[in-house]
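Structure at a glance
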Protein chains: 2
Amino acid sequence: MSVGPEPSGPEKIVDAVVFDTFGTVVDWKSGVADAVEVIARRYGFEVDPVEFALRWRARYQPAMKPVRDGSREFVTLDVLHRENLIATAHELGVPIDRIEPTDLDWLNRAWHRLTGWPDSVPGLTELKRHFIIGPLSNGHVALLTNMAKHAGLPWDVIIGSDVTRSYKPDPNAYLGTARLLDLPPQRVMLCAAHNSDLAAAQRAGLRTAFIARPQEYGPNQRTDLHPTGSWDIVAHDIPDLATRLIGHRATG
Amino acid sequence: MSVGPEPSGPEKIVDAVVFDTFGTVVDWKSGVADAVEVIARRYGFEVDPVEFALRWRARYQPAMKPVRDGSREFVTLDVLHRENLIATAHELGVPIDRIEPTDLDWLNRAWHRLTGWPDSVPGLTELKRHFIIGPLSNGHVALLTNMAKHAGLPWDVIIGSDVTRSYKPDPNAYLGTARLLDLPPQRVMLCAAHNSDLAAAQRAGLRTAFIARPQEYGPNQRTDLHPTGSWDIVAHDIPDLATRLIGHRATG
């Protein structure tokens, strides 16, 4: 028997906590560099796998721009990653034409097989006990689902960029996610390691949490080492976010 | 270090197993009747909660028809359930106008708070170790997410009817789900307790699994007691489906 429509316990400040994924939850640099190294060994290519990963990633934001400004119809990151992979190989003199199609596809899908930072799974598992959790990523449903299976990310729900047909920081990426969760934007919190993502979420009316990921780009990282906006929460890592959110309740 | 693009182990017959939800995974009759009983006691209504639940549900398929045939724009089950709730109350002489708005909303959202059949969570948990699992339901993302939290359903991914903007048996409900998973239809299996749902899935190219839920409508149920089509698998319950699917592998 149900207990009926009475509020039970103190009110939470949000109902859902959603996460930027690449860099905030998973370590794309190591995962992608590992896949590059496997292919380089197999084909005898001379390439620095980490440099390859960084240059591949450097083409990520520019590649989404035509979709954001409406000059290109929405395509998933699998499509953009493959175009960027080929361009990066040419840039670094890697003879990518020699790679078998199945191997090339496997390499391109390295972005589906990333692993969480050490605190990610424990922190998400704790948050999941109290909140709806999910990615709010530029990844598409299939990529994010495969990634969750690979990394053990315990998402409640996956709303991909191919569902909202929007790439962050397009406001529709944030608002469309809140709408599908049937929550007002202020009942959803974005956690991200990137100040620009949080700024766009805040403009859309979401709550915001910053965690620094100073190793995302390696030892020479200069950006996003500190919060630069007025975010609702600044946490050390995802378990610390959980502690702050679960302690952070007001009656009412 | 990744092991590279070699196949690992025998090939599975599908990559994803998706589930009809109301009736197949969760017991809507008990959950809805419980909520009706709470409201009836609170307001002093004379009503048989199970009869109310059955009559409310009887309006479900007709309510989706205008959306399926294109004469009504897509609206979620929250909207249809509320219309059907009011019609059912009038049919049974329940003075629904006396119910406070928050209580009415809570009653309408009984469909978000259903509980799995006893085998559902253990069976899904086992399947999740080997396959992508998710609902393929006429429920929307928010309803299915709330239901998963309430019932402990360990879905990997939730693709709601508001994502495909289609109600089963519209072929797009099945094909849109496969497309978002980036899988060919034949790599996706629908498990359902309803032969008509499986027939539509099969026509769309999906694999099919039937499990009977002879208590879905109560002791007088006459329909869907047995498989009536040529389904890929007929199982006793979800753990039995897991056993058959995990044993059912071919090399290659």
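For the structure, check the block above.
Numbers given for residues are sequential positions, taken from 1 along each chain in its written order. All chains are assigned letters beginning at A, and all ligands numbers beginning at 1, according to the order in which they are written. Restriction of local features to residues with pLDDT of at least 70 applies here, the model being predicted, together with a cutoff of 80 or more for giving and counting side-chain atom pairs; totals for whole chains, interfaces and linings are based on all residues. To obtain the side-chain values, all non-hydrogen atoms of the structure were included, while hydrogens and water were left out.

This brings us to the nonpolar core. The definition of a nonpolar core used throughout is a set of buried Ala, Val, Leu, Ile, Met, Phe, Trp, Tyr and Cys residues joined through side-chain atoms within 4.5 Å. Throughout, exposure labels follow a simple rule: accessible area from a 1.4 Å probe, protein chains only, divided by the maximum for the residue type, with under 20% read as buried, over 50% as exposed, and the rest as partly exposed. A:F19, A:F22, A:L241, B:F19, B:F22 and B:L241 are the most contacted members of the largest nonpolar core, which has 170 residues in total. By definition, residues are in contact when any of their heavy atoms lie within 4.5 Å. Every residue in contact with A:L241, bar those within four places of it in the chain, is listed here: A:V17, A:F19, A:L127, A:M189, A:C191, A:A209, A:I233 and A:A235.

What follows deals with the packing of helix α1 (residues 28–43) of chain A against helix α5 (residues 101–108) of chain A. The geometry of a pair of packed helices is captured by two quantities: the angle between their axes and the separation between those axes. All names here are of chain A. Running from N to C, α1 and α5 point in directions that differ by 155°, and their axes come no closer than 9 Å. By the angle class used here, α1 and α5 are roughly antiparallel. Considering how the two elements wind past one another, α1 and α5 form a crossing that is left-handed. Contacts from A35, V36, V38, I39, R42 and Y43 of α1 reach α5 at D103, W106 and L107. Where helices are involved, their axes are fitted lines through C-alpha atoms of the stretch in contact, as for all axes, and angles between N-to-C directions lie from 0 to 180°. Put simply, DSSP H or I for four residues or longer makes a helix, DSSP E for two residues or longer makes a strand, and each gets a number counted from the N terminus. Here the word oblique covers every angle except those under 35 degrees (roughly parallel), over 145 (roughly antiparallel) and from 65 to 115 (roughly perpendicular). Definitions for this section: a left-handed crossing has its near helix turned counterclockwise from the far helix by less than a right angle. A right-handed crossing has that turn clockwise.

To continue, consider the interface of chain B and chain A. Between chain B and chain A, the contact holds 31 residues from the first and 31 residues from the second. By definition, the buried area sums, over both parts, the 1.4 Å-probe accessible area that each loses when the two are put together. Summing the contributions of chain B and of chain A, the shared interface buries around 2600 Å²; its carbon and sulfur component is 61%. The salt bridge definition used is simple: a Lys or Arg side-chain nitrogen within 4 Å of an Asp or Glu carboxyl oxygen. Note that A:D156 and B:K149 form a salt bridge whose closest N and O atoms lie 2.6 Å from each other. Identification of polar contacts relies on pairs of N or O atoms within 3.5 Å, with a donor-acceptor requirement for protein atoms, meaning one able to donate a hydrogen and the other able to accept it, and with residues adjacent in sequence counted only if both atoms are side-chain atoms. Inspection of the chain B/chain A interface yields eight residue pairs in polar contact (both at pLDDT 80 or more). If you list the elements that add at least two residues to the side of chain B that touches chain A, you get α1 (28–43), α5 (101–108), α7 (141–151) and α8 (161–164) of chain B. The element contributing the most residues to the side of chain B that touches chain A is α7(B), with five residues. Note that Gly is not counted as nonpolar here; it falls among the polar residues with everything else outside the nonpolar set of Ala, Val, Leu, Ile, Met, Phe, Trp, Tyr, Cys and Pro and the charged set of Asp, Glu, Lys and Arg. Considering only residue class, the side of chain B that touches chain A consists of 15 nonpolar, four polar and twelve charged.

We now examine the packing of aromatic side chains. Aromatic rings from Phe, Tyr and Trp, taking only the six-membered ring of Trp, are treated as a pair when their centres fall within 6.5 Å; an angle between ring planes under 30 degrees marks them as stacked, one over 60 as edge-to-face, and anything in between as tilted. In this structure the tally under the stated criterion is 18 aromatic pairs over all chains. Linked through ring pairs, A:F22, A:W28, A:F52, A:W56, A:Y60, A:W111 and A:Y217 together constitute an aromatic cluster. The ring of B:F131 has B:K12 sitting right over it, with the charged end atom 5.3 Å from the ring centre. The rule for a charge over a ring is simple: NZ of Lys or CZ of Arg within 6 Å of the ring centre, and within 35 degrees of the ring normal. A cation over an aromatic ring shows up here: B:R57 above the ring of B:Y60, its NZ or CZ 3.8 Å from the ring centre.

Residues below a pLDDT of 70 in either copy are left out; the C-alpha atoms of the rest, at least 70 in both, set the least-squares superposition of the copies. With an RMSD of 0.0 Å, chain B superimposes on chain A once it is rotated by 180° and translated 0.0 Å along the axis. Overall, the copies show the geometry of a two-fold rotation axis. Of the C-alpha atoms belonging to chain B, the one lying closest to the rotation axis is found on B:V157, 2.8 Å away. The share of interface residues of chain B whose copies in chain A are also at the interface is 100%, consistent with both copies meeting through the same surface.

What follows is about the sheet that holds strand β3 (residues 132–135) of chain A. Strand-to-strand pairing in sheets goes through backbone hydrogen bonds, with the strands running parallel or antiparallel. Residue and element names in this part refer to chain A. Ordered in space as β3-β2-β4-β5-β6, the five strands form an open sheet in which the pairing is parallel. The sheet is open, and its two edges are formed by β3 and β6 (233–235), each paired on a single side. On average, each strand axis in the sheet is tilted by 20° relative to the strand beside it, whichever way the strands run. Two strands pair if DSSP finds at least two bridges between them. Bridge count between strand β4 (residues 188–192) and strand β5 (residues 207–211): four bridges; the pairing is parallel. Within β5, the position partnered with L190 by the bridge is T208.

Attention now goes to the side chain of A:T88. All names here are of chain A. Tracing the backbone through its elements, the reader meets T88 in helix α4 (residues 77–91). The exposure class assigned to T88 is buried, which follows from its relative accessible area of 0%. At a separation of 2.6 Å, a polar atom in the side chain of T88 contacts the main-chain carbonyl oxygen of N84. If we ignore the near neighbours within four places in the chain, the residues touching T88 are F52, R55, W56 and R59.

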